[in-house]
Amino acid sequence: MANLLSILSGAQTSLAAQRAVTATASHNIDNANNAGYSRQTASLEALTPAEQVNGAFIGRGATLGTVTQARDRFLEAQIPQALGDAAFSTAQADALQAFHGLDPEAVGGLGPAISGFYSSLRALAQNPSDSGLRSSFLGAANALAQTFNRTSQTIESSRSGLDAQAGGLVGEINSEAAAVAQLNVQVQQARASGAEPNDLLDLRQGHLDKLAELAGATTVATSEGYVNVVLKGGVALVAGARAGELSVQPDDAPPRDGHLGLLLRQADGTGPVSLSNAAVGGSLGGTLFARDGLGGTLSSSDGSLRAAGASVDQLAFDLASGVNATHQLGYGVGLYESTTGLDLLATGAPGVVAGAARNMAVLITDTDSLAMASAPGAPGDAGNAQLLVATESAPLSGGKDVQSTVSDAVSQFGSFSASAKAFADQDGAVKDQLSKMRDSYSGVSIDEEMITMQSAQRAYEAIAKVIQTTDQMMQTLLAIKT
Amino acid sequence: VRVTDRLVFHTATLETGRARDAAQQAQELVSRGTRIQHPGDDPAGSGLMVTFNMSSERFAAISSAAAAASDELSAADGALDGIGTALSRARELAVQLSNSTYSAEQRAGGALEVTSLMTQIVSNLNTRFGNRYLFGGNEDGSPPFDATVDPTDPTFGNYLGDDGVRQVEIAPGVLQQANVLVGSMSADSADPTSVLKTLQALQAALQANDPAAVQATLDGLDDGIKQVSTARSQAGASMNAFDTATSAAKTASGDDKTRANKQGDVDLVESSIQLQATQTALQASLAATAQSFKLSLLDYLR
């Protein structure tokens, strides 16, 4: 009798175990499309200790052992770096691709404006006393200055747009960091029961992946069961149950030049401390790199919008300096026929390259003061006009003429933009491949889960049959007694 | 590889997205007709486009300025032709009226005609093209030969211009003289046999009924005709240079524009084939994806 009851008791436990298998499969199916979810497996174990009857051990059924996650630690260790790299290069490429101030065929671009300036100058050099041509040249000079102004403004507004983007990213990073810190606490509390809180671990992993994407952050597991989050520069963003907080504020120093810089109130509550652009990776790092480049002294390997702005400033400064140096030598007509030493173009403070494009302006308003003559009192003299035309072929500070300098600026920016795009494609491919491998290992297969459910259902039916059979056996025994 | 549902859907999303992106890009390329919009599309090609476009504009400006210079020289040549014709008529009068058979009245009539020829010549020397006087050197804003006094006044036809040589670019950095200097024809020229001095002498000799003095002006008139001829030759040579430059610069401008376009233009045959290929790939990707979605155990379990 006692054995029959033991069978019923074992069947009851086994039914619960099969229900757990079905529930786990159901949970897997429910989360099949959850990107951060790792499939779980319910493992059954034989119930121990077995009953000993006449020297033999008779089993007592099955029970739920553990519910484990399918996670490949080696694979997952590579994913944060891949996510950060892909986000960095994508952010950089997107920022550079979105800037159209140096497009080769842009209407109102630098090339056409410089060509227009020299074309008008050539026409004027053919007939310098023609007031119509003088007006036309002055108009072309104004158009040139406005084009430099507009190009500089376009670059600055692109950099300001990236400021807004960086501000948004900082908000997201703070939110994710706070979530990780909170989940660290919850995971630790859940582990106190002795079981692994699989869904909490998945949730935390999702936030860690997001932090890798947003800030290129990496993780360090601690012996207490926390996961600390560390930025590229080695500064902790999350330390155990506490999260640091990033903020932005304008920074006048190079390379930010008045754009937003990063501050971090550290996880231990100290700070805020200033962070360099290089201290973060991911989308935020890529955004700041596209905006400011390597930082410090500009180099030829710097493909940022700041570098593009600097090359446009240098071009504006060199062009204006060359034109002014020649224009100063000439003489005007009419009231200005004896006047000499006038500049044509202003570029801000004398000798200062930075901001030259933004500040470029035409200093002359009276067409008579355009100094086209090489001697006083000779309105038809185009000697100085021809010297001004010759500035088009004169080497600028980079050793090349204006045409080659514009061409180089366009090519160089294009090269960096294309490289960033290529890196983004390459890094994206690595990220996709690792993501697919993770999906393959940790993802849910509906087919597998259906089979598992079918299997559990069959087992459940069979166990029910065991209960029915045991019940009949008990009925038989009870009938003998009566 | 263990195939999971997320893997299937993730792969489908990526692969159909890539196929659609490729087809979209190929379609845009064909529709747009240009393959370079952003410097990143082809950095080297973008730089060359800028170079060729700027070079094209430079040559177009040179061509335009050279054509304007040629037009001015053509007008100057026309004026010199008129001066030459007037001088030939003056020489005819000198030859004719140096003959002793002519009377004083006839010579006085000749003097009047010479005065008229002087006025005509000074008018030609003050030829204006557009807003500039062609024969004043760099003093091109006012008539270069004094026509404000009576033609019989010795200062009539004095030169008010300068000897400035105007130059215009015929190729990058190469200049060609664009004006003709005829100050030596003036009444106050250092040359004792300048055109206007000789005509003044002829007019005075005819007025004075002095056949010998009339005869004496013939050498000066011949010299004047030669001066005009030389000036016309110089104008013609410059005109040729400018006409050649106009044509050459125009061709160079067109060539550079073609080169710039070639950098940016799409090869329509190649891009059409590419469009077809990417659209086929997209169809295949969509069909394969749809097929993979159909195969599930769910469809067979009842």
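Just so we're clear, the structure is a prediction, and the values are computed from it rather than from any experiment.

1. Thoughts on unusual backbone geometry
In terms of backbone geometry, most residues other than glycine have negative phi values and most peptide bonds are trans.
Item 1. P255(A) follows P254(A) through a cis peptide bond whose omega is 5 degrees.
Item 2. Mapped onto the elements, P255(A) comes out in the loop between β9 (245-250) and β10 (260-265).
Item 3. Within the chain, N209(B) stands out as a residue other than glycine whose phi angle is a positive 55 degrees.
Item 4. Turning to its location among the elements, N209(B) is positioned in the loop between α4 (195-207) and α5 (211-216).
Item 5. Classification of N209(B) by relative accessible area gives partly exposed; the value is 29%.

2. Thoughts on the interface of chain B and chain A
Item 1. Residue-level contacts link 52 residues of chain B with 61 residues of chain A.
Item 2. Buried surface at the junction of chain B and chain A, both sides included, amounts to about 4,600 Å², of which 51% is carbon and sulfur.
Item 3. If you sort the residues of chain B by the area they bury against chain A, R2(B), R6(B) and M54(B) come out on top, with a joint share of 19%.
Item 4. Applying the counting criterion to the chain B and chain A interface returns six salt bridges.
Item 5. With its nearest N and O atoms 3.0 Å apart, the salt bridge here joins R6(B) to D439(A).
Item 6. There are 31 residue pairs in polar contact (both at pLDDT 80 or more) connecting chain B and chain A.

3. Brief notes about the confidence of the model for chain B
Item 1. Here chain B averages 92 in pLDDT, while 100% of its residues score no lower than 70.
Item 2. The ipTM, which scores confidence in the relative placement of chains, is 0.87 for this predicted complex, and the corresponding pTM is 0.85.

4. With respect to the packing of helix α3 (residues 110-126) of chain A against helix α7 (residues 305-327) of chain A
All names here are of chain A.
Item 1. Direction vectors running N to C along α3 and α7 enclose 5 degrees, while the axes themselves pass 13 Å from each other. Between α3 and α7, the crossing angle belongs to the class labelled roughly parallel. Where α3 abuts α7, its residues L110, I114, F117 and Y118 lie against V312, L315, L319 and V323.

5. Some words on the environment of T244(B)
All names here are of chain B.
Item 1. Mapped onto the fold, T244 is located in helix α6 (residues 218-264).
Item 2. By relative accessible area, which is 53% here, T244 ends up exposed.
Item 3. Considered as a pair, T244 and S70 are 174 residues apart in the sequence and their alpha carbons are 9.9 Å apart.
Item 4. Engagement of the side chain of T244 in a polar contact is seen with the backbone oxygen of N240, the distance being 2.7 Å.

So, how was this worked out
- Residues numbered from 1 in each chain as written.
- Chains lettered and ligands numbered in written order.
- Predicted model: local features only at pLDDT ≥ 70, side-chain atom pairs only at ≥ 80, totals over all residues.
- Heavy atoms only, no water.
- Helix = DSSP H or I, 4+ residues; strand = E, 2+ residues; numbered from the N terminus.
- Buried < 20%, exposed > 50% of the residue type's maximum accessible area, 1.4 Å probe, protein only.
- Contact = heavy atoms within 4.5 Å.
- Buried area = accessible area lost by both parts, 1.4 Å probe.
- Salt bridge = Lys/Arg side-chain N within 4 Å of Asp/Glu carboxyl O.
- Polar contact = N/O pair within 3.5 Å; in protein donor to acceptor, adjacent residues only side chain to side chain.
- pLDDT = per-residue confidence, 0-100.
- Axes fitted to C-alpha atoms, helices over the stretch in contact; angles between N-to-C directions.
- Parallel < 35°, antiparallel > 145°, perpendicular 65-115°, else oblique.

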